Amino acid sequence: MKRDLRTLATLALAVLLALSLAACAGSTTPSPTTGPTSGPDASPTPKPPVTLTFWGAVKTQNFQSGIQDDPVAKLIQDELGITIDMEMHASDEKLTALLASNSLPDVLVVANKYCAQMIEGNLVKELTDLIANFGPEIPKNLPEASFNYAKTILSGNTGKLYFLPQNAYSVENASMPETIWGGVYTRWDYYKEMGYPKLESFDDYLQLVADMLEAHPTNSDGKKNFGFSLWFDWGPYIQTDTMTVRAIGRETLGGLSLPVELDRLTLETYSRYLEEDSGFWNGVAFWYKANQMGLLDPDSFTQKYDQAAAKYATNQVLATMINWLSPNAYLLDQGTPEKGFFGPIPVKDTHYYYYNGWVTGNGQSFCIAESCKTPDRAMELLNWLTSVHGVMTVANGIEGVDWVREGDGYKFTDTYYENAKDPEAASKYGYMKYLNDLVLSAGSNIPGTKTPMMISLSSEIQKQSLDKPENVIMKEAVNYYNVELPWQILPEGQSYELSYHSALGAMLPVTIPDDMKLIDQKLDNYLRSAIIKIITAKDDTDYAAQKAQMMQELQDLGLNTYYQYWADLVASVRDQIVG
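As a starting point, this report considers the structure included with it. (Residues numbered from 1 in each chain as written. Predicted model: local features only at pLDDT ≥ 70, side-chain atom pairs only at ≥ 80, totals over all residues. Heavy atoms only, no water.)

Overview of the nonpolar core
Working step 1: Judged by nonpolar contacts, the single largest core of 180 residues is most densely connected at Met 118, Phe 163, Leu 164, Phe 228, Leu 382 and Met 550.
Working step 2: If near-sequence neighbours (up to four positions away) are discounted, Phe 163 is found in contact with Val 110, Cys 115, Met 118, Ile 119, Val 124, Leu 127, Ala 150, Leu 154, Ser 365, Phe 366 and Cys 367. (Core = buried A, V, L, I, M, F, W, Y, C linked by side-chain atoms within 4.5 Å. Buried < 20%, exposed > 50% of the residue type's maximum accessible area, 1.4 Å probe, protein only. Contact = heavy atoms within 4.5 Å.)

A closer look at unusual backbone geometry
Working step 1: Cis peptide bonds are those with omega within 30 degrees of zero, and the linkage from Gly 343 to Pro 344 qualifies with 0°.
Working step 2: With respect to the helices and strands, the residue Pro 344 is situated in the loop between β12 (341-342) and β13 (353-354).
Working step 3: Unlike most non-glycine residues, Asn 167 shows phi in positive territory, near 55°.
Working step 4: Relative to the elements of secondary structure, Asn 167 occurs in the loop between β5 (164-165) and β6 (177-178). (Helix = DSSP H or I, 4+ residues; strand = E, 2+ residues; numbered from the N terminus.)

Some remarks on the packing of helix α10 (residues 202-215) against helix α13 (residues 279-292)
Think of two packed helices as two axes; the pair is described by the angle between the axes and how far apart they sit.
Working step 1: Between α10 and α13, the shortest axis-to-axis distance is 11 Å and the interhelical angle comes to 25°. Comparing the axis directions of α10 and α13 gives the class roughly parallel. Note on packing geometry: the crossing formed by α10 with α13 is right-handed. Within the contact between the two elements, α10 uses Phe 202, Asp 203, Tyr 205 and Leu 206 and α13 uses Phe 286, Lys 289 and Ala 290. (Axes fitted to C-alpha atoms, helices over the stretch in contact; angles between N-to-C directions. Parallel < 35°, antiparallel > 145°, perpendicular 65-115°, else oblique. Left-handed = near helix turned anticlockwise from the far one by under 90°.)

Notes on the packing of aromatic side chains
Working step 1: Inspection of every chain in the model, using the stated rule, returns 34 aromatic pairs.
Working step 2: Plain terms: the ring middles of Phe 228 and Trp 287 are 5.0 Å apart, the flat faces sit at 90° to each other, and that makes the pair edge-to-face. A residue pair is termed long-range when its members are at least 10 positions apart, and Phe 228 in the loop between α10 and α11 (237-241) and Trp 287 in helix α13 qualify at 59 residues.
Working step 3: Residue classification places Trp 287 among the buried positions, given a relative accessible area of 1%. (Phe/Tyr/Trp six-rings, centres within 6.5 Å; stacked < 30°, edge-to-face > 60°.)

Details of the environment of Asn 219
Working step 1: Position of Asn 219 among the secondary structure elements: in the loop between α10 and α11.
Working step 2: Taking the relative accessible area as the measure of exposure, Asn 219 reaches 8% and is therefore buried.
Working step 3: In this structure, the C-alpha to C-alpha distance between Asn 219 and Thr 314, residues 95 residues apart in sequence, is 8.9 Å.
Working step 4: Filtering out sequence-adjacent residues up to four positions away, Asn 219 remains in contact with Asn 225, Thr 314, Asn 315 and Gln 316.

Here's the deal with helix α16 (residues 375-384)
Working step 1: Here α16 lies mainly inside the structure; nine of its ten residues are buried.
Working step 2: Along α16, the residues that are buried comprise Pro 375, Arg 377, Ala 378, Met 379, Glu 380, Leu 381, Leu 382, Asn 383 and Trp 384.

Topic: the sheet that holds strand β4 (residues 107-111)
Strand pairing in a sheet relies on backbone hydrogen bonds, with the paired strands running either antiparallel or parallel.
Working step 1: Spatially, six strands are ordered β2-β3-β1-β4-β14-β5 in an open sheet, and the strand pairing comes out mixed. Only two strands of the sheet have a single partner each, and these edge strands are β2 (66-67) and β5.
Working step 2: As paired elements, strand β1 (residues 50-55) and β4 share two bridges and run parallel to each other. When the bridges of β4 are listed, Phe 54 appears paired with Val 107.
Working step 3: Where helix α4 (residues 92-101) meets the sheet, its contacts fall on β1, β3 (82-87) and β4, and the angle it forms with β1 comes to roughly 120°. (Pairing = 2+ DSSP bridges.)

Things to note about the sheet that holds strand β7 (residues 182-187)
Working step 1: Across the sheet, which stays open at both edges, the three strands sit in the order β11-β7-β12 with antiparallel pairing between neighbours. Among the strands making up the open sheet, the edge pair consists of β11 (319-322) and β12.
Working step 2: Here two bridges tie β7 to β12, and the two strands are oriented antiparallel to one another. Of the residues in β12, the one forming a bridge with Thr 186 is Phe 342.

Details of the pattern of salt bridges
Where charged atoms of side chains with opposite charge meet at close range, the side chains can pair.
Working step 1: The full count for this structure, using the stated rule, is 28 salt bridges.
Working step 2: For the salt bridge of Lys 547 with Glu 276, the shortest nitrogen-to-oxygen distance reads 3.1 Å. With Lys 547 in helix α24 (residues 540-556) and Glu 276 in the loop between β10 (269-271) and α13, this residue pair connects regions lying 271 residues apart in the sequence.
Working step 3: Its relative accessible area of 13% is what places Lys 547 among the buried residues.
Working step 4: By relative accessible area, Glu 276 is classed as exposed at 53%.
Working step 5: Taken together, the salt bridges that share partners define one network made up of Asp 241, Arg 250, Glu 261, Arg 272 and Glu 275. (Salt bridge = Lys/Arg side-chain N within 4 Å of Asp/Glu carboxyl O.)

Have a look at this one:
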């Protein structure tokens, strides 16, 4: 799972994290008057039924295209008189063909790179009047900055409103912080066995893993254990960057070779391959030391991701820097829920941040095709997908069936919990099926409150879940650190920070000039082999020599020119984002 793929499915991952107790937020619940308000009674006069074709957002599951008949789609049909005929397998190839033919579905969620082309081709409708007449929930619930972004960056230099960001919300209204997905994850039962040593640095983490490996050289099946198991078929950057770049409060930027590290709050830029102590070089040094200490699976430099993941899944590896790799399901099946991974375990001065949602959405946007014969009804659908009622329905199921109000709050019903056990629950019941087809993000709180629209993110449910037998490790960790919930486990003195990274990415060009693209490709090709060589350097002298050589050869390949191209782009929009 790469970072870019993760961004396309941000909300789906948010739910996964929530349900596994890796993150949650929200401590108050709204009164009934601040909850869902745009349900059946919002449109007392029935309108003629209509079918809208809908070009859906990228999905992570293989749903069937065509008329949707799950309970959520049927509720939309009942409330709005709109039947949804959705394309569930969106792709650039299919969309390119549609654009060339000028034959578009009524409603579309498209990557932002297509916005200018669609405006220039007169393929989409201007939305201002449609929103004023048929979309009252949209200005009510979307941040004003979302409209400003749409009128500037998404407008094809027209200053008009043709697109609405997908899954947009103000990061300050995020319903949960993000527990850093690149961090210190390891066997909690072994960590406890070692006496819970404090981790003052990533060197301490390496020593912890070394001690664990010495104490547990084989797994429960008698197979050889490894400290870490890497893979490089995704490129080297997920290994060098995932933990150490984010740990110092930065993100990466810049095509394939990613020459820029930037402060996620100030958006200051750094030439990461030339800065001696960048997150990148910290990551390279970490893996060099791990290799010197004999902690790496010997297959790390030749195997593919699936092979590495299989070793984690069958309890052959003791630690990782990525939160989705663990043997917990395997160990649970063996009847040992008290054994398994937990993380991130705090490391001094590691920076955590609020979930990376923003007013700019997730890099995709909604529009209504110029060819749509019923644009008023299309806007009514977008309005529903921006309403609290609509978002809560998509996130939680049908009110009164899957969830109910209780006092001033909300809770799932027994029906929901029983249905959710079905692996086909999304298809059968619509649970979270349309998360990426929302205008207002389900990852936000009910506007004006601190109550998550995803009921699964409520602190009450998260606390209750800690008592489940399969969550015994999480409960142990919570008790050890003297907090209520896992996401509250932070390094001493640290707090969650904002991130402007996704807002920046959405304001930068999708394509780069051919001369810059050529430099980028050369840099990336070089780094893919050079990084592995330096991680496997024979000693410190060899490492230092290779580091100096890499810095020089990257400059010879045009690094400075390519870095400056991206640094200038960031500088041109920085003030619009951070003020």
